[in-house]
Amino acid sequence: MRTPLAIALASLLAATPALAQDQVVNVYNWSDYIAEDTIAKFTAETGIAVNYDVFDSNEIVEAKLLAGNSGYDVVVPSGFFLERQIAAGLFQPLDKGKLPNLSNMDPQIMEETAAHDPGNEHAVDYMWGTTGLGYNVAAVTERLGADADLATWDLLFDPETVSKLADCGVAVLDAPAEVYAAALNYLGLDPNSESEEDLAAAEELLLSVRPHIRYFHSSQYIDDLGNGEICLAMGYSGDVFIAQAAAAEAGQGVEIAYTIPAEGALKWFDMFAIPADAPNVDNAHAFINFMLRPDIAAANTNYVYYASGNGAALELIDDEVKNDPAIYPPAEVAANLYPLNAHTPEYDELLTRSWTRVKTGQ
Amino acid sequence: MSTLDADLPPPRQRPWSLIERSLAGIGLSGRALVIFAPALWLIVFFLVPLAVVFGISLAVKQFGRPPYTDLLTAEDGTVQLTLHLSNYIRLFTDALYVNAYLNSIKIAAIATAIALLIGYPMAYFIARTQDPWRNILLMLVILPFWTSFLLRVYALAGFMRGNGVINNFLGLFGIPPLVMMQTDFAVYVGIVYTYLPFMILPLYTTLVKLDPALLEASADLGAKPWRTFLSVTLPLSMPGIIAGSMLVFIPAIGEFVIPSLLGGPGTLMIGRVLWDEFFANTNWPRSAAVAIAMLVVVVVPIMLMQRAQDAVVERRK
């Protein structure tokens, strides 16, 4: 008995240095946010293995980064969270010498992301999208009438309208910053306001529709919209398209649509960044540079239906994606999109408390 | 026999004698070592982390890494200790926390009562069954543990959702779908289902030891079956009832997975509040205070139940 054990131990010890030499990169990205073969291609080309982990909310990324020693080499927070995370020193500056593919980036997008990351020193956009409304076409028109206007936040924020949808299920993102921005915008207030009166007004609006909301969750609605469990969700553009594709594939006759409501919607940027304590900095740059390659960026956008921040990728993107006004909004719709700035920690405290009140009634 | 013995290597005398001698050299006997190991385990993995959590609960949130202030600050050669009680004060001044504790206790208590009502007859039946059926039934009680708890909760969601198993069945009779998911009802189903084995097993162990002669004696003395149950079976199974209830009630108070997967946004439970404070609000100090307070909330009923159980055992003597 003793000999095999000794051999096992010896081989284990021998294996450890070999493992340490193996190249890895630890990536923490949003769920359903990458083409199926991207990681395999990266590993095949570079020999770097990828540990790929996913999240569904900015809050949890921030919690892990603040805890420190997250072990991640590449994370993909949204701009309005990234902004304050950079200020808190959670990220290291990008070594642009190792990212030649930065030249492929869309200058317009780079200009917009510079609002979160001055000079684009710490992060580079992966995808961008909008936070709007996804709905089950048949279920919603049946309840609101065939000629009802569905490109409006009234669907969610008008108590009378949403009450008609309560029986088929309404879901809202568990993302207070984005929900309050939408509510403020609907009320005709500044979505980036940090005034307490505005916060109170938004809370009042949310409480007035709260009885008709079945749950608050940031990824559950993808499945539920697709299989008819709910009929309206405030959600991320590409996630609603996943639900749409799943519904079409299931062939149960469920048709899902996404709308950027006429009142306007949040335009966000999900950005690659390298944590200050990342263990594999070189591999992180290699991964980001790979993701910025036009063919890879286009393949990802064609798969997940989010707009790419990569300008050179545009000509490789499928026409049905490129010409979809819900993914690449035309100028008149784009004019109504608003950016979200980082909130101060003081305001965040008020915001999260208000959010708990909305969610739990306490 | 003797030839076999000859083949074996000679038994080595006291393989640990060297270690034992060197330990004795620093004043440690084998007995001390036996006590020392679990004590060390408890200190390293329970008391130290608890002290860390308690320490964090006395800090305040800041945006940075770590996301809380230092308790000790050194400035101009003086070390200053700053303890903030604001997190604990907030637990009392903000109705959210008190209500979450009370609601958790309420949900746990109701779920425990339901588990007892369902579990008692099952345990009684299993205890009265003869082998080999008894072992098979016991096996069936334990069987769910062979799959992940998380998967079983997801499976329950599959039963209760709008187009799930139950509603599809009701649909066959033209009954419109019931909304079961994201309600308190679903949380009760989840907790009772998950913790039922913890109720059945201690009940079974007390009921199986019940001497049938006592029941016969009771019948001989003219007692009706329900009378026998109330004055013989029930009192004698009290230790099992208390142990089973504790095993269900205590983990149910702090339950997080079941209310977050099956419950609605209004299903207020302390486990969810704690998760939100930690992950959504990144407020470590307050979530630490919530955790410490939860420990107190849970320890009090444990002590009361322990005392009740001791009293039962005492009376038995």
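Residues numbered from 1 in each chain as written. Chains lettered and ligands numbered in written order. Predicted model: local features only at pLDDT ≥ 70, side-chain atom pairs only at ≥ 80, totals over all residues. Heavy atoms only, no water.

K.L.:
Before we go on, may I ask you to explain the nonpolar core in this structure?
P.N.:
Within soluble globular proteins, side chains that are nonpolar tend to cluster in buried spots. Counting residues in each nonpolar core, the largest one holds 121 residues, and the members touching the most others are A:L156, A:Y221, A:F272, A:F287 and A:I288. Each of domain 1 (25-128 + 268-329) and domain 2 (130-266 + 341-360) of chain A contributes no fewer than three residues to this core. Excluding anything up to four places from it in sequence, A:I288 contacts A:V74, A:L94, A:L99, A:V124, A:F272 and A:I274. Membership of the second largest hydrophobic core comes to 52 residues, among which are B:A111, B:M180, B:L196 and B:A252. (Core = buried A, V, L, I, M, F, W, Y, C linked by side-chain atoms within 4.5 Å. Buried < 20%, exposed > 50% of the residue type's maximum accessible area, 1.4 Å probe, protein only. Domains from an automatic or database assignment. Contact = heavy atoms within 4.5 Å.)

K.L.:
Mind showing me how you'd approach the pairing of strand β9 (residues 265-273) of chain A here?
P.N.:
For a regular strand, side-chain orientation follows a simple rule: the groups alternate between the two sheet faces. All names here are of chain A. With respect to burial, β9 is a largely interior element, 9 of its 9 residues being buried. Bridge count between strand β4 (residues 123-136) and β9: 8 bridges; the pairing is antiparallel. Of the residues in β9, the one forming a bridge with A123 is A273. Sheet topology places β9 next to strand β11 (residues 337-338); 2 bridges connect them, and they run parallel. Each residue of the ladder has a partner; that of A265, found in β11, is L337. (Helix = DSSP H or I, 4+ residues; strand = E, 2+ residues; numbered from the N terminus. Pairing = 2+ DSSP bridges.)

K.L.:
In this structure, what is going on with the pattern of salt bridges? I would like to understand it.
P.N.:
Here the idea is simple: oppositely charged side chains can pair when their charged atoms come close. According to the stated counting rule, one finds 20 salt bridges over all chains in the structure shown. Across the pair B:R286 and A:E349 runs a salt bridge, and its minimum N-O distance is 3.3 Å. Of the two residues, B:R286 sits in helix α15 (residues 284-316) while A:E349 sits in helix α17 (residues 345-360), which places them in two different chains. (Salt bridge = Lys/Arg side-chain N within 4 Å of Asp/Glu carboxyl O.)

K.L.:
Would you mind going over the interface of chain A and chain B with me for this structure?
P.N.:
Buried accessible area, meaning the area lost when the parts come together, often serves as the stated size of an interface. Taken together, the contact between chain A and chain B spans 29 residues of the former and 30 residues of the latter. Summing both sides of the interface, chain A and chain B together bury roughly 2,600 Å²; the carbon and sulfur share of this comes to 53%. Counting the contacts that link chain A with chain B gives 6 salt bridges. For the salt bridge of A:E229 with B:R161, the shortest nitrogen-to-oxygen distance reads 3.3 Å. Between the two partners, chain A and chain B, sit 8 residue pairs in polar contact (both at pLDDT 80 or more). Looking at the side of chain A that touches chain B, the elements that each hand over two or more residues are α3 (58-67), α4 (79-87), β6 (215-216) and α17 of chain A. Classifying every residue of the side of chain A that touches chain B by side-chain character gives 10 nonpolar, 7 polar and 12 charged. (Buried area = accessible area lost by both parts, 1.4 Å probe. Polar contact = N/O pair within 3.5 Å; in protein donor to acceptor, adjacent residues only side chain to side chain. Nonpolar A, V, L, I, M, F, W, Y, C, P; charged D, E, K, R; others polar.)

K.L.:
Any chance you could explain the domain arrangement of chain A here in plain terms?
P.N.:
Residue and element names in this part refer to chain A. Taken domain by domain, chain A holds domain 1 (25-128 + 268-329) and domain 2 (130-266 + 341-360). The C-alpha centroid of domain 2 is placed 26 Å from the C-alpha centroid of domain 1. Listed by partner, the interface residues are 17 residues for domain 1 and 24 residues for domain 2. Overall, the association of domain 1 and domain 2 removes approximately 1,700 Å² of surface from exposure, summing both partners, and the carbon and sulfur fraction of that is 58%.

K.L.:
Explanation requested: the packing of helix α10 (residues 212-220) of chain B against helix α11 (residues 225-236) of chain B in the structure shown.
P.N.:
Residue and element names in this part refer to chain B. α11 packs onto α10 with a crossing angle of 160° between their chain directions and a minimal axis gap of 10 Å. For the element pair α10 / α11, the angle class is roughly antiparallel. Crossing handedness for the pair α10 and α11: right-handed. Between α10 and α11, the residues in contact are L214, L215 and S218 and T228, V232, T233 and L236, respectively. When grouped by side-chain class, the residues that make up the contact of α10 with α11 number 4 nonpolar, 3 polar and no charged. (Axes fitted to C-alpha atoms, helices over the stretch in contact; angles between N-to-C directions. Parallel < 35°, antiparallel > 145°, perpendicular 65-115°, else oblique. Left-handed = near helix turned anticlockwise from the far one by under 90°.)

K.L.:
Would you mind showing me how to read the packing of aromatic side chains here?
P.N.:
Two aromatic rings are characterised by how far apart their centres lie and by the angle between their planes. By the definition in use, this model includes 30 aromatic pairs over all chains. With a centroid separation of 6.0 Å and an interplanar angle of 75°, the aromatic rings of A:Y180 and A:W355 are classed as edge-to-face. Pair noted here: A:Y180 is in helix α9 (residues 176-186) and A:W355 is in helix α17, with a separation of 175 residues, a long-range link. Residue class for A:Y180 comes out buried when judged on its relative accessible area of 2%. An angle of 90° between the planes, with centres 5.8 Å apart, marks the rings of A:Y236 and A:W268 as edge-to-face. With A:Y236 in strand β7 (residues 232-236) and A:W268 in strand β9, the pair connects residues that are 32 residues apart, well separated along the chain. The ring of A:W128 has A:K267 sitting right over it, with the charged end atom 4.3 Å from the ring centre. If you follow B:R128 out to its NZ or CZ, it ends over the ring of B:Y124, 5.1 Å from the centre. (Phe/Tyr/Trp six-rings, centres within 6.5 Å; stacked < 30°, edge-to-face > 60°. Lys NZ or Arg CZ within 6 Å of the ring centre and 35° of its normal.)

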